[in-house]
Amino acid sequence: MPRFAANLSMMYTEHPFPARFAAASADGFAAVEYLFPYAYDAAELRRRLDDHGLRQVLFNAPPGDWDAGERGTAALPGREAETRAGIDRALEYAAALDCPRVHVMAGLSTAGAARDTYLGNLAWAAERAGAAGVDLLIEPINHRDMPGYFLNRQAEAHAVVRELGADNVKVQLDLYHCQITEGDLTALRRDLPTGRVGHLQIAGVPDRHEPDAGELNIGHLFDVIDELAFEGWIGCEYRPRAGTSEGLGWLRDYRGAHT
């Protein structure tokens, strides 16, 4: 059965961030993800995980100046030193949190040298991460939510992974972004068996609330994921409509139907 991780950047925002670990555990989650850990000491986050029996399964490498609108630096020519320093910092946190995956954001870029810069940074990062036993993820993001983001379509991401040829660089397939950009989500049957998908994420389309609201037939999608024996995690990266725990009926219903 698919395994679900609570995204603590979007879920449980009715609590201060440090208290979200306990809330997720109380609702039956065994794993968490979030955008960035860097505002907190790694040892404190490790204690939160351990105290509540949680696994950290994903976070992002430093994204540049997030508050100023930057969304990653890996595809930005001239920012290589910053990108690589960020990878090293992310790997330090990954070691402390026993986190096996780090998402490397490409950034907002249309520069002619963007792809070469991106490949160069990812190749460098893959070697560093490989030595630490960490997978690097790249994620196509839709242009409606993040105009100008460098990577948008699944085929583009898989082409990058194939070109790099590093076993520890994989695609982060967010079904919300994919539905908005290209649809055809049952193409999971095409992509999951390749071994190039390292993590899934889910949210309702178009409003990014609970995944059972809107365009997606999540029961069908979860059954496809189950059929394909995907061994990774599905991150619940959505904004609850009115209370996180109150909106988890979709998860309780799915678990109840498969136990």
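In what follows, the accompanying structure is described.

Focus on the overall build of the chain
A tally of helices and strands in the chain yields nine helices and eight strands. On the principal axes, the C-alpha backbone points of the chain span a range of 50 × 40 × 35 Å. Counting every position in the chain, which comprises 259 residues, the buried fraction comes to 51%. Expressed as a percentage of contacts within the chain between residues at least 6 apart in sequence, the contacts between residues at least 24 apart total 77%.

As for the pattern of salt bridges
Per the counting criterion, the structure on display carries 15 salt bridges. Note that Asp145 is salt-bridged to Arg208, the shortest N-O span being 3.8 Å. Of this pair, Asp145 sits in the loop between β5 (135-138) and α5 (154-164) while Arg208 sits in the loop between β7 (197-202) and α8 (218-227), and the two are 63 residues apart along the sequence. Judged by relative accessible area, which is 7%, Arg208 ranks as buried. One network of salt bridges, in which partners are shared, links Arg144, Asp145, Asp174, Arg208 and Glu237.

A word on the nonpolar core
Phe29, Phe59 and Tyr118 are the most contacted members of the largest nonpolar core, which totals 78 residues. The element best represented in this core is helix α4 (residues 114-131), accounting for seven residues. The contact partners of Phe59, leaving out residues within four places of it in the chain, are Tyr34, Leu35, Pro37, Tyr38, Ala90, Tyr93, Ala94, Leu97, Cys99, Arg101, Val102 and His103. With six residues, the next largest nonpolar core counts Ala5, Val57, Leu58 and Trp233 among its residues.

Notes on the pairing of strand β8 (residues 233-236)
Strand residues, when the strand is regular, have side chains that alternate between the two faces of the sheet. The alternating pattern of β8 places Trp233 and Gly235 and Ile234 and Cys236 on opposite faces, both of which are buried. Two strands pair when backbone bridges link them, and strand β1 (residues 3-7) and β8 are joined in this way by four bridges, in the parallel orientation. Paired with Arg3 across the two strands is Trp233, which belongs to β8. Strand direction decides the pairing type here: β7 and β8, joined by three bridges, are parallel. The partner of Ile202 across the bridge, within β8, is Cys236. Once you follow β7 into α8 and on to β8, the crossover reads as right-handed.

Thoughts on the side chain of Asn168
Among the structural elements, Asn168 can be located in the loop between α5 and β6 (169-174). A polar side-chain atom of Asn168 sits 3.0 Å from the main-chain carbonyl oxygen of Ala126. In this structure, Asn168 is in contact with Ala126, Ala129, Gly130, Val134, Asp135 and Leu136, ignoring residues within four places of it in sequence.

Some details on the state of the cysteines
Using the criterion set out here, one finds zero disulfides in the structure. Cysteine Cys99 is unpaired, with the sulfur of Cys236 as its nearest cysteine sulfur at 16 Å. With no disulfide of its own, Cys178 lies 17 Å from the sulfur of Cys236, the closest cysteine sulfur.

Describing the environment of Asp50
By secondary structure assignment, the location of Asp50 is in helix α2 (residues 42-51). Counting along the chain gives 184 residues from Asp50 to Ile234, while the straight-line C-alpha distance between them is 21 Å. Within the local environment of Asp50, its side chain forms a polar contact with the side chain of Arg46, the two groups lying 2.8 Å apart.

Comments concerning helix α1 (residues 17-26)
Burial in α1 covers these residues: Phe17, Pro18, Arg20, Phe21, Ala23 and Ala24. On its buried side, α1 packs onto β1, β2 (31-33) and α2. Following α1 by one or two positions, Gly28 adopts a phi angle in the positive range, close to 95 degrees.

Regarding the packing of aromatic side chains
All chains considered together, the criterion is met by 14 aromatic pairs. Ring centres of Phe36 and Trp66 lie 5.1 Å apart, and the angle between their planes is 70 degrees; this geometry places the pair in the edge-to-face category. Taken as a pair, Phe36 in the loop between β2 and α2 and Trp66 in the loop between β3 (55-60) and α3 (80-97) lie far apart in primary sequence, 30 residues in all. Taken together, Phe4, Phe222, Tyr238, Trp250 and Tyr254 form an aromatic cluster joined through their ring pairs. The side chain of Arg71 reaches across the aromatic face of Trp66, ending 3.6 Å from its centre. For Arg255, the ring lying beneath its charged end belongs to Phe29, and the centroid distance is 5.9 Å.

Rules behind the numbers
- Residues numbered from 1 in each chain as written.
- Predicted model: local features only at pLDDT ≥ 70, side-chain atom pairs only at ≥ 80, totals over all residues.
- Heavy atoms only, no water.
- Helix = DSSP H or I, 4+ residues; strand = E, 2+ residues; numbered from the N terminus.
- Buried < 20%, exposed > 50% of the residue type's maximum accessible area, 1.4 Å probe, protein only.
- Contact = heavy atoms within 4.5 Å.
- Salt bridge = Lys/Arg side-chain N within 4 Å of Asp/Glu carboxyl O.
- Core = buried A, V, L, I, M, F, W, Y, C linked by side-chain atoms within 4.5 Å.
- Pairing = 2+ DSSP bridges.
- Right-handed = clockwise from strand over helix to strand, strands pointing away.
- Polar contact = N/O pair within 3.5 Å; in protein donor to acceptor, adjacent residues only side chain to side chain.
- Disulfide = S-S within 2.5 Å.
- Phe/Tyr/Trp six-rings, centres within 6.5 Å; stacked < 30°, edge-to-face > 60°.
- Lys NZ or Arg CZ within 6 Å of the ring centre and 35° of its normal.

Scope: geometric values only; no functional claims are made or implied.
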